[in-house]
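So the chains spell out like this:
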Amino acid sequence: MAVQTRVKVAKLEGQKYHGLDRETLIRIYRTMFLSRRLDDREIQLKRQNKIYFQISSAGHEAVTAATALLLRPGVDWIYPYYRDRALCLLLGVTPLETLLQAVGAKDDPSSGGRQMPSHWGHNKWNIVTKSSCTGTQYVQAVGAAEATVYYEHHAKALAQAQNAPLGEFVHHDPEEIVYVSSGDGATSEGEFWESLNVACAKKLPIFYLIEDNGYAISVPIEVQTAGGSIAGLVKNFPGLHVADCDGTEPLESYAVCKEAIAYVRERHGPALVHARVTRPYSHSLSDDEKLYKTPEEREAEARRDPLSKFSLFLIREGLIDQKEIEALEAQVDREVREAADQALAAEPPEVPSIRVNVYSPDVDPTATALAVLPQFHGAPKTMVEMVAATLNDEMGRDERITVFGEDVADASREEALREVKGKGGVFKATAGLQRKYGADRVFNTPLAEASIIGRAIGMATRGLKPVAEIQFFDYIWPAMMQIRDELCVLRWRSNGAFKAPVVMRVAIGGYLTGGAVYHSQSGESIFTHCPGLRVVMPSTALDVAGLLRTAIRCDDPVMFLEHKHLYRQPYNRSEYPGPDFTIPFGKARVVKQGDQVSIVTYGAVVHRVEIAAAALEREGISVEIIDLRSLSPYDWEAISASVRKTHRVIVAYEDMLSWGYGAEIAARIAEELFDELDAPVKRVAAMDTFCAYQPKLEDEILPQTDDIAAAARQILAY
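All values derive from a computational prediction rather than experimental measurement.

### Some points on the packing of aromatic side chains
Inference 1: For the structure shown, the criterion picks out 20 aromatic pairs.
Inference 2: Taking the centre distance of 6.5 Å and the plane angle of 45° together, the rings of Tyr29 and Phe310 count as tilted. Highlighted residues: Tyr29 in helix α1 (residues 22–47) and Phe310 in helix α12 (residues 306–316), separated in sequence by 281 residues. For the residue pair Tyr29 and Phe310, the accessibility class agrees, reading buried in each case.
Inference 3: Aromatic rings pair up to connect Tyr17, Tyr29, Phe33, Phe310 and Phe313 into one cluster.
Inference 4: Cation over ring: Arg36 sits above Tyr281, and NZ or CZ is 5.9 Å from the ring centre.
Inference 5: Above the ring of Tyr359, the side-chain terminus of Arg534 is found at 3.9 Å from the ring centroid.

Next comes the structure, spelled out in structure tokens:
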């Protein structure tokens, strides 16, 4: 059962101010006032069209300032809420830095002018770059907490992470915790619940602060949260310390959060504090709360304003007098004015910087140095066997690597391994790895794809090298927000301050005879459309070894697509090429030389093209086959050279014809090589429908050898 706490201001553990001295209490007030004044200054600047967006922390200052006193700047890891201005200020972010965000300045440490204001990020203080998405931070915070636990037992991994790019910001402290916060609205997101499930199951050192101001934009609490209290909904999570407080009262907030954070630091498990705060301003300057809040409700909120209440408390307690308050506030006003003047005079980012930090500036996975010759040995391996062999070597070389996903372990109950063979993935691609490297490096996850990728992002942000498996491409969609809005953009939105070089292994494709709608999908074009993400798709066992090793050693996130139909085919097997064999990304494989028609392809279609080419060869037609194998980046030079030689080209791919990956290749050939063409560019692909269960229908839907041969004859006859 969860632990529940409710502390009244009058019972501050028998101490009048809960052990806080006068200077600290005044520091809390100063931070609260500074936060409010920065909000007000931003609002003024927005109305003057000198900044472009504003979202305030007003009403949230008391609990966030109190919590910041309990955190260790530069030691604890922070996944903040956009209303956490007071917390960030107390942790070390300066007023100037917050206003540099607002004007979008080049020297804004959070993003270099790439994100909206209040999207906090600062690697000096371990404040992990914040996106606009609600709730996505929760599973990432879990991954960060998992890294904390991992480093406690893997000192070598920590040293390896510190020697990698951005390693100067990788560290571990025995008492560190992870802080994550949001408004009540974000607790509706699935990632919030997925994160609690994992945090409690693994007893992770993570502190949740839910700042409940009664509204999710215009949606009131009784519509947003069943029963009106998130604390009530989570109270039965095993081992979760649950507390409730009036978040407009700094002392009560401090008392409640102190107990909760101590619970986490002592490694009892996670804790959650539900703080009831106010929102005296509209959600943002794009919102008008008068459209949905009555005057009476707004008046009641004003009476709970933490700033006016705490200043009155300090005066009544004799801790400060009116003149001192006025002097303090005047000093803050001067500081804000000076910071605003500096920010308004700051340089904007230079236009060419747009492309900087889309990908790693430190590791180039397309480098020719990665074209390492194989050193073959052993019996030929299938593609799926090559996955396991490559992971085995890389895990032995790099202790940062963790492998996880659904069913990837040999057996989660390790004692069972004495009696059972072990699973090692539904395709056996990770068989034996848990036995060799242990359950903290190879482990099963709950069936929750967003959580799998989000946790991987958190681990990678902390310097680990997660290799996360999505069991079937068809089920990747719950993780789409984590992939597109978080993983791909994390380096760019933080202007290079943070990175997440996750490897996502994904089983993809059809030709399964019975795979049907939900085990046969392609859709790689959706992910090649994501800047910041590398996408590769090998068609042979040898390419699996070389490209997977490059993916793991890459400093960017990589989607490694493994075609299910190819896993155990005898025709694409290879001897093991050795532990140093790598293949550069963006380098195609010329499968077959020819001079009459070029066929550009990848994945399971490669072998079908080979069969078609053999049939065409008997007719006297010479076909050149280009296996892209790397889809983003792709080898335009190889495509261009082949088209210049043959002057006719087919792009063959398994995805649906319309809007598919081949459309981009065909369009670029038509645009840049038009003068070289003796016939229109031809595409051969799947029908614009879904893959059926009945084998005859599947054969009709997916591109087949006869379709490819017919297309070649057609363009040769043009």
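Moving on from the model shown.
### Remarks on the sheet that holds strand β17 (residues 589–592)
Inference 1: Pairing in this open sheet of 5 strands is mixed, and the strands run β17-β19-β18-β21-β22 from one edge to the other. The two strands at the open ends of the sheet, each matched to only one other strand, are β17 and β22 (682–686). Adjacent strand axes in the sheet meet at a mean angle of 25°, parallel and antiparallel pairs treated alike.
Inference 2: Sheet topology note: the strand β18 (residues 597–601)/strand β19 (residues 623–627) ladder contains 5 bridges and is parallel. The residue of β19 that forms the bridge with Val600 is Ile626.

### Here we look at the environment of Arg114
Inference 1: The topology assignment puts Arg114 in the loop between α4 (95–103) and α5 (136–153).
Inference 2: Accessibility expressed as a relative area gives 17% for Arg114, which makes it buried.
Inference 3: C-alpha of Arg114 to C-alpha of Arg493: the two residues are 379 residues apart in sequence and 5.8 Å apart in space.
Inference 4: In this structure, Arg114 is in contact with Ser353, Ile354, Val356, Asn357, Trp492, Arg493 and Asn495, ignoring residues within four places of it in sequence.

### So, the side chain of Thr148
Inference 1: The residue Thr148 is located in helix α5 in this model.
Inference 2: For Thr148, a relative accessible area of 0% puts it in the buried group.
Inference 3: Here the side chain of Thr148 touches Glu176 through a polar contact of 2.5 Å, side chain to side chain.
Inference 4: Not counting residues up to four positions away in its chain, the partners in contact with Thr148 are His172, Glu176, Val178, Pro205, Arg267 and Arg462.

### Overview of the pattern of salt bridges
Inference 1: Overall, the coordinates contain 47 salt bridges when judged by the stated rule.
Inference 2: Residue Asp244 pairs with Arg276 through a salt bridge whose shortest N-O separation is 3.6 Å. You can see Asp244 sitting in strand β7 (residues 241–246) and its partner Arg276 sitting in strand β8 (residues 271–276), a full 32 residues away along the chain.
Inference 3: Under the relative-accessibility criterion, Arg276 is labelled partly exposed at 28%.
Inference 4: In this structure, Glu619 engages Arg713 in a salt bridge whose closest nitrogen and oxygen atoms are separated by 2.8 Å. Note that Glu619 is positioned in the loop between α21 (605–618) and β19 and Arg713 in helix α25 (residues 705–716), a separation of 94 residues in sequence.
Inference 5: It is possible to trace a salt-bridge network through shared partners that takes in Arg279, Asp287, Glu289, Lys293, Arg298 and Glu301.

### Regarding the state of the cysteines
Working definition: the covalent bond between the sulfur atoms of two cysteines is a disulfide.
Inference 1: Applying the stated criterion across every chain yields a total of 0 disulfides.
Inference 2: Cys133 takes part in no disulfide bond, and the closest cysteine sulfur, belonging to Cys488, lies 12 Å away.

### A few points about the packing of helix α14 (residues 383–397) against helix α20 (residues 541–553)
For any two helices packed against each other, one specifies the crossing angle of their axes together with the interaxial distance.
Inference 1: Running from N to C, α14 and α20 cross one another at 30°; their axes reach a closest spacing of 9 Å. Here α14 runs over α20; the crossing is right-handed. Across the interface between the two elements, Met383, Met386, Val387, Thr390, Leu391, Asp393, Glu394 and Arg397 of α14 pack against Ala541, Leu542, Val544, Ala545, Leu548, Arg549, Ile552 and Arg553 of α20.
Inference 2: Taken together, the residues of the contact of α14 with α20 break down into 10 nonpolar, 1 polar and 5 charged.

### Topic: the pairing of β19
Inference 1: Taken across its 5 residues, β19 has 5 buried, putting it largely inside the fold.
Inference 2: Residues Val623, Ile625 and Asp627 line one face of β19 and the alternating positions Glu624 and Ile626 line the opposite face, and both faces are buried.
Inference 3: Direction of pairing for β17 relative to β19: antiparallel, over a ladder of 3 bridges. Bridge pairing in β19 places Val590 opposite Ile626.
Inference 4: With α21 bridging β18 and its parallel neighbour β19, the resulting β-α-β unit is right-handed.

### Points about the sheet that holds strand β13 (residues 503–508)
Inference 1: Reading across the sheet, the 7 strands line up as β11-β10-β12-β13-β15-β14-β20 and stay open at both edges, with mixed pairing between neighbours. Sheet topology places β11 (442–444) and β20 (630–632) at the edges, where each strand pairs with a single neighbour. Taking the axes of each pair of neighbouring strands and ignoring which way they run, one obtains an average angle of 20° across the sheet.
Inference 2: Two strands pair when backbone bridges link them, and strand β10 (residues 401–405) and strand β12 (residues 465–470) are joined in this way by 5 bridges, in the parallel orientation. Bridge pairing in β12 links Ile401 to Lys465.
Inference 3: The strands touched by α20 are β10, β12, β13 and β15 (558–563); relative to β15, the strand with the most contacts, the crossing angle is about 160°.

### A short note on a positive patch on the surface
Inference 1: Taken together, Lys421, Lys423, Lys428 and Arg568 make up a surface patch of like positive charges.
Inference 2: Within the secondary structure, Lys421 sits in the loop between β10 and α15 (433–437).

### Some details on unusual backbone geometry
Inference 1: Of note, the amide linkage connecting Ser632 to Pro633 takes the cis form, showing an omega dihedral of 5°.
Inference 2: Along the chain, the position of Pro633 falls in the loop between β20 and α22 (636–646).
Inference 3: Look at His647: it is not a glycine, yet its phi comes out positive at around 70°.
Inference 4: Taking the relative accessible area as the measure of exposure, His647 reaches 24% and is therefore partly exposed.

About the cut-offs
- Residues numbered from 1 in each chain as written.
- Predicted model: local features only at pLDDT ≥ 70, side-chain atom pairs only at ≥ 80, totals over all residues.
- Heavy atoms only, no water.
- Phe/Tyr/Trp six-rings, centres within 6.5 Å; stacked < 30°, edge-to-face > 60°.
- Helix = DSSP H or I, 4+ residues; strand = E, 2+ residues; numbered from the N terminus.
- Buried < 20%, exposed > 50% of the residue type's maximum accessible area, 1.4 Å probe, protein only.
- Lys NZ or Arg CZ within 6 Å of the ring centre and 35° of its normal.
- Pairing = 2+ DSSP bridges.
- Axes fitted to C-alpha atoms, helices over the stretch in contact; angles between N-to-C directions.
- Contact = heavy atoms within 4.5 Å.
- Polar contact = N/O pair within 3.5 Å; in protein donor to acceptor, adjacent residues only side chain to side chain.
- Salt bridge = Lys/Arg side-chain N within 4 Å of Asp/Glu carboxyl O.
- Disulfide = S-S within 2.5 Å.
- Left-handed = near helix turned anticlockwise from the far one by under 90°.
- Nonpolar A, V, L, I, M, F, W, Y, C, P; charged D, E, K, R; others polar.
- Right-handed = clockwise from strand over helix to strand, strands pointing away.
- Patch = residues over 30% accessible without salt bridge, like charges linked within 9 Å, V, L, I, M, F, W, Y side chains within 5 Å.
- Areas by Shrake-Rupley, 256 points an atom, 1.4 Å probe, with all protein chains shown as cover.
- Lys, Arg positive; Asp, Glu negative; His and termini not counted.
- Charge placed at Lys NZ, Arg CZ, Asp CG, Glu CD.

By themselves, these are just geometric observations and shouldn't be taken as functional.
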